Amino acid sequence: MRAYARKWGDDEELYAVTALVHDLDYERYPDLETGHPRHALEELEERGYPREVIDAVAGHADFLEVPRETRMAKTLYAVDELSGFIAACALVRPTGIEGMKPKSVKKKLKQPSFAAAVDREQVQRGIEELGVDPDEHMTLVIAALAEHADELGLGPRGGAESPA
């Protein structure tokens with residue numbers, strides 16, 4: 001989210017906060033019928049979060065049928081599933097996220113058994129709604145995650161040496 005905010009000259013902190021809070025209730029209320037993200041939305045309302053944040057959080061859940069009208073809401077939707085998928089790809093590579101290219105992500109997207117919980121249609125819808133080139137989008141998300149590879153546990157594993 002920060003990478004896209006930087007790219008567009010939007011408020012990085014607002015995008016970052018939205019990313020941090022969008023799943024704040026998921027671990028406690030994972031049931032999509034009655035829980036997530038309804039509890040998060042109530043909490044954000046009660047705490048006086050900006051409408052743009054609340055609407056983006058609501059919009060990331062297709063089943064709530066809240067339109068994604070702002071660039072930030074579209075960005076959250078476009079990076080949410082994809083960033084998790086890219087992290088999963090990195091976890092099965094000896095070099096982690098280092099050197100990852102969109103081509104390898106697209107190849108894994110075509111394997112339904114890999115990270116099966118990731119909604120491939122949502123990944124595609126997000127890219128379309130955001131109006132970005134799929135390869136450029138994946139490159140930006142990969143680079144953004146790579147900046148924090150160590151803290152995310154996405155770095156090289158098991159003695160794999162990274163090219164200098």
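Residues numbered from 1 in each chain as written. Predicted model: local features only at pLDDT ≥ 70, side-chain atom pairs only at ≥ 80, totals over all residues. Heavy atoms only, no water.

K.L.:
Before we go on, may I ask you to explain the overall build of the protein chain in this structure?
P.N.:
Within the protein chain one finds nine helices and zero strands. The order of α-helices and β-strands along the protein chain, N terminus first, is α-α-α-α-α-α-α-α-α. Scaling as 2.2 N^0.38, a compact globule of 164 residues should have a C-alpha radius of gyration of about 15 Å, and the protein chain matches this with 16 Å. The principal-axis extent of the C-alpha atoms belonging to the protein chain is close to 50 × 35 × 30 Å. Counting only residues that meet the buried cut, the protein chain has 39% of its 164 residues in that class. In the protein chain, 58% of the contacts between residues at least 6 apart in sequence involve partners at least 24 apart. Carbon and sulfur atoms form 52% of the exposed surface of the protein chain, whose accessible area is close to 9,200 Å². Of the charged side chains in the protein chain, 20 are positive and 32 negative, and the gap between their average positions amounts to 7 Å. (Helix = DSSP H or I, 4+ residues; strand = E, 2+ residues; numbered from the N terminus. Rg over C-alpha atoms; globule rule 2.2 N^0.38 Å. Buried < 20%, exposed > 50% of the residue type's maximum accessible area, 1.4 Å probe, protein only. Contact = heavy atoms within 4.5 Å. Areas by Shrake-Rupley, 256 points an atom, 1.4 Å probe, with all protein chains shown as cover. Lys, Arg positive; Asp, Glu negative; His and termini not counted. Charge placed at Lys NZ, Arg CZ, Asp CG, Glu CD.)

K.L.:
Help me understand the packing of helix H3 (residues 38-46) against helix H4 (residues 51-59), please; the structure alone is not making it clear to me.
P.N.:
For any two helices packed against each other, one specifies the crossing angle of their axes together with the interaxial distance. Where H3 contacts H4, the two axes come as close as 10 Å, and the packing angle between them is 180 degrees. Between H3 and H4, the angle is such that the two are roughly antiparallel. Where H3 abuts H4, its residues Leu-41, Leu-44 and Glu-45 lie against Arg-51, Ile-54, Val-57 and Ala-58. Residues belonging to the contact of H3 with H4 are distributed by class as follows: five nonpolar, no polar and two charged. (Axes fitted to C-alpha atoms, helices over the stretch in contact; angles between N-to-C directions. Parallel < 35°, antiparallel > 145°, perpendicular 65-115°, else oblique. Nonpolar A, V, L, I, M, F, W, Y, C, P; charged D, E, K, R; others polar.)

K.L.:
Could you clarify how one ought to interpret helix H2 (residues 12-21) in this entry?
P.N.:
In an α-helix there are 3.6 residues to a turn, and that puts residues three or four apart on one side. Among the residues of H2, Leu-14, Tyr-15, Ala-16, Thr-18 and Val-21 are the ones counted as buried. Packing partners of the buried residues in H2 comprise helix H1 (2-8), H3, H4 and helix H5 (71-91). A distance of 3.0 Å separates the backbone nitrogen of Glu-13 from a side-chain oxygen at the start of H2, and that oxygen is part of Asp-11. (Polar contact = N/O pair within 3.5 Å; in protein donor to acceptor, adjacent residues only side chain to side chain.)

K.L.:
What exactly am I supposed to notice about the pattern of salt bridges here?
P.N.:
When the charged atoms of two side chains lie near each other, side chains of opposite charge can form a pair. Counted according to the given criterion, the structure contains 12 salt bridges. The shortest N-O distance in the salt bridge between Arg-51 and Glu-45 comes to 2.7 Å. Overall, the relative accessible area of 44% leaves Arg-51 in the partly exposed class. Owing to a relative accessible area of 41%, Glu-45 belongs among the partly exposed residues under this scheme. Taking the shortest distance from any N to any O, the salt bridge between Arg-68 and Asp-62 comes out at 3.2 Å. Of the residues examined, Arg-68 reaches a relative accessible area of 13% and is grouped as buried. Several salt bridges converge on common partners, so that one network encompasses Arg-2, Arg-6, Glu-12, Glu-13 and Glu-147. (Salt bridge = Lys/Arg side-chain N within 4 Å of Asp/Glu carboxyl O.)

K.L.:
Sorry, what's going on with a nonpolar patch on the surface here?
P.N.:
Together, Tyr-26, Leu-32 and Phe-63 line one region of the surface with nonpolar side chains, adding up to about 280 Å² of accessible area. Position of Phe-63 among the secondary structure elements: in the loop between H4 and H5. In this structure Phe-63 comes out as partly exposed when scored by relative accessible area, which is 38%. (Patch = residues over 30% accessible without salt bridge, like charges linked within 9 Å, V, L, I, M, F, W, Y side chains within 5 Å.)

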